[in-house]
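Residues per chain are reported as follows:
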Amino acid sequence: MRSTLQRSAVTVLALSVTLLPGLSGCRAGDPPVEAQAPAAPQVLSSPAPAELLSPAASPSLTPESSPTPRPVPALGRVFIIVLENREFSQVVGNATAPNLQRWIGEGGSLTEYYAVDHPSFPNYLALIAGDTFGIDYNCEDCYQPGPMLADQVEASGRDWRAYVEGMPEPCFDQTVGNYAKRHNPFVYFETLRRDPDRCQAKVVPFPAFWDDLNSNRLPDLVWLIPDICNGGHDCALSVSDAWLAEVVEAIRRSTAYSPDALIAILWEEGASDGGCCGLAEGGKVAVILLSPLLAPGAQDHTLYTHYSLLKTLEAGWGLDYLGHAADPETALIEAIWRAAP
């Protein structure tokens, strides 16, 4: 953990409102970053919690930069796509990923969003269960009792499915080939593992996504897990960009992309130890949101973590908050939504 002085310095930096707030710390082999911002974004920011602002660092809040936060709208179908190992500055403005840059202009983006920890696996746990459970390494057998987001979704009368690229058979429980089990957090929860039929029906190889999309059978929560190349762990960002273009544009052309649908594209961890809010130090990562519910081109500079995305999904579906999603330090994603008519 960093000292109090270090955390304060990170907080001050995170509260600066810029169109391309970058962090260095690129990893060897990552493509160079070219400063290329989306055109004419709408800058938004929710007020930060009072405990995050020192008198010297408090920004001047104006109606243009800090509108009144809006309630999270009722969400319909949600698509989540989690990619690997890129800092915000390695993604936003990177000319090798033209589709990602275009979607930043067509949808919305969160410019001060922080991963919870290093390495990858704790971040996946945080995204679906609101906690890392003290796990700070990539593990194969560190199973958790639950509950998790998928359990909440089913209990509310909704449906879900995880579509996993490279997984050889439903509910497969080992890392093999281009399939990394640690990128599939659902199979680590006993609430799913204790019911093999449920697990095999809900955690399926990726071709089932195309079948369900084309037959209009997609569930309410669609969790899309690329393999270690397309997800960016072992391959360049340009590879991820091309894979995303095929998947995301197919969704947007389909009837599954309803007026209350949301697509969230994000990275599980960055290349730095940047953090915020007393809950995260896994680097600043890019989050791109696509939805008819968003103001096109909007950028939200509020401090967020993976717990914020979980909290926002739960709010949009009327569910209880799991783990750290319930913490006062965990901000709801509010400023970026369109104003109610």
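Counting from 1, residues in each chain are numbered in the order their sequence is written. Given that this is a predicted model, residues contribute local features only at a pLDDT of at least 70 and side-chain atom pairs are listed and counted only at 80 or more, while totals for whole chains, interfaces and linings are drawn from all residues. Excluded from the side-chain calculation are hydrogens and water; included are all heavy atoms of the structure.

A. Region of interest: the overall build of the chain. Helix and strand assignments come from DSSP, with helices taken as H or I runs of at least 4 residues and strands as E runs of at least 2, each series counted from the N terminus. Secondary structure assignment for the chain yields 10 helices and 10 strands. Throughout, exposure labels follow a simple rule: accessible area from a 1.4 Å probe, protein chains only, divided by the maximum for the residue type, with under 20% read as buried, over 50% as exposed, and the rest as partly exposed. The burial tally for the chain puts 58% of its 341 residues in the buried class. Every accessible area reported is derived by Shrake-Rupley at a probe size of 1.4 Å, with residue values counting cover from the shown protein chains alone. Working note: accessible area of the chain is about 13000 Å², and carbon and sulfur atoms make up 54% of it.

B. Structural view of the pattern of salt bridges. A pair is scored as a salt bridge if a Lys or Arg side-chain nitrogen falls within 4 Å of a carboxyl oxygen belonging to Asp or Glu. As enumerated under the stated definition, the model contains 13 salt bridges in all. Glu190 is paired through a salt bridge with Arg193; the nearest N and O atoms lie 3.7 Å apart. Taken together, the residues Glu190 and Arg193, both in helix H6 (residues 190-193) and 3 residues apart, mark about one turn of the helix. The class of Arg193 is partly exposed, set by a relative accessible area of 29%. Note that Glu249 and Arg252 form a salt bridge whose closest N and O atoms lie 3.3 Å from each other. Residue Glu249 and its partner Arg252 are both found in helix H9 (residues 237-253); the two are separated by 3 residues, about one turn of the helix. Taking the relative accessible area as the measure of exposure, Glu249 reaches 18% and is therefore buried. Put simply, Arg102, Glu106, Glu249 and Arg252 are held in one network by salt bridges that share partners.

C. Summary view of H9. Given a rise of 1.5 Å per residue, 17 residues ought to cover 24 Å, and the 24 Å separating the end C-alpha atoms of H9 matches this to within 8%. Note that bend, as reported per residue, equals the angle between axes fitted to the 7 residues terminating at that residue and the 7 residues originating from it. Its maximal kink placed at Leu244, H9 deviates by approximately 25°. Here H9 has its buried residues at Leu237, Ser240, Asp241, Trp243, Leu244, Ala245, Val247, Val248, Glu249, Ala250 and Ile251. Here a helix's expected span is defined as the number of its residues, less one, multiplied by 1.5 Å.

D. Looking closely at the packing of helix H4 (residues 120-129) against helix H10 (residues 306-316). All axes here are fitted lines through C-alpha atoms, helices being fitted over the stretch that makes contact, and every angle between N-to-C directions spans 0 to 180 degrees. The interhelical angle for the contact between H4 and H10, taken along N-to-C directions, is 25°, at an axis separation of 7 Å. One way to sum up the angle between H4 and H10 is to call them roughly parallel. Relative to H10, H4 is oriented so that their crossing is right-handed. Where H4 abuts H10, its residues Asn123, Ala126, Leu127, Ile128 and Ala129 lie against His306, Tyr307, Leu309 and Leu310. Grouping the amino acids of the contact of H4 with H10 by side-chain chemistry returns 7 nonpolar, 2 polar and no charged. Convention used here: angles under 35 degrees read as roughly parallel, angles over 145 as roughly antiparallel, angles from 65 to 115 as roughly perpendicular, and any remaining angle as oblique. Working rule for handedness: look at the near helix, and if it is turned counterclockwise from the far one by less than a right angle, call the crossing left-handed; if clockwise, right-handed. The contact criterion used throughout is that any non-hydrogen atoms of two residues lie within 4.5 Å. For this classification, the nonpolar set comprises Ala, Val, Leu, Ile, Met, Phe, Trp, Tyr, Cys and Pro, the charged set comprises Asp, Glu, Lys and Arg, and every other residue, Gly included, is treated as polar.

E. Summary view of the environment of Asp173. Position of Asp173 relative to the elements: it lies in the loop between strand E4 (160-164) and H6. Through-space distance from the C-alpha of Asp173 to that of Val187 is 7.0 Å; in sequence the pair is 14 residues apart. Among all residues touching Asp173, those that are not within four sequence positions of it are Tyr143, Lys181, Val187 and Arg193. Side chain to side chain, Asp173 and Tyr143 meet in a polar contact 2.9 Å long. Here a polar contact is taken to be a pair of N or O atoms separated by no more than 3.5 Å, where protein atoms must pair a possible hydrogen donor with a possible acceptor and residues adjacent in sequence count only if both atoms sit in side chains. A distance of 2.9 Å separates a polar atom in the side chain of Asp173 from a polar atom in the side chain of Lys181.

F. Spatial organisation of H4. Counting buried residues in H4 gives 10 out of 10 residues, a clear majority hidden from the surface. Of the residues making up H4, those classed as buried are Ser120, Phe121, Pro122, Asn123, Tyr124, Leu125, Ala126, Leu127, Ile128 and Ala129. In the segment just after H4, Gly130 is the residue with positive phi, at about 75°.

G. Examining the state of the cysteines more closely. Cysteine sulfur atoms that pair up within 2.5 Å are treated as a disulfide. For the structure on display, the rule yields 4 disulfides. Bridging Cys229 to Cys235, the disulfide has an S-S length of 2.1 Å. Around the S-S axis, the bridge from Cys229 to Cys235 shows a dihedral of about -110° and counts as left-handed. Bridging Cys276 to Cys277, the disulfide has an S-S length of 2.2 Å. Sign of the S-S torsion, about -75° for the bond between Cys276 and Cys277, identifies this disulfide as left-handed. Look at Cys276 and you get buried, because its relative accessible area is 3%. On the basis of relative accessibility, which here comes to 8%, the residue Cys277 falls in the buried class. By sequence-ordered numbering of the bonded cysteines, the chain has its disulfides arranged as 1-2, 3-4, 5-6, 7-8.

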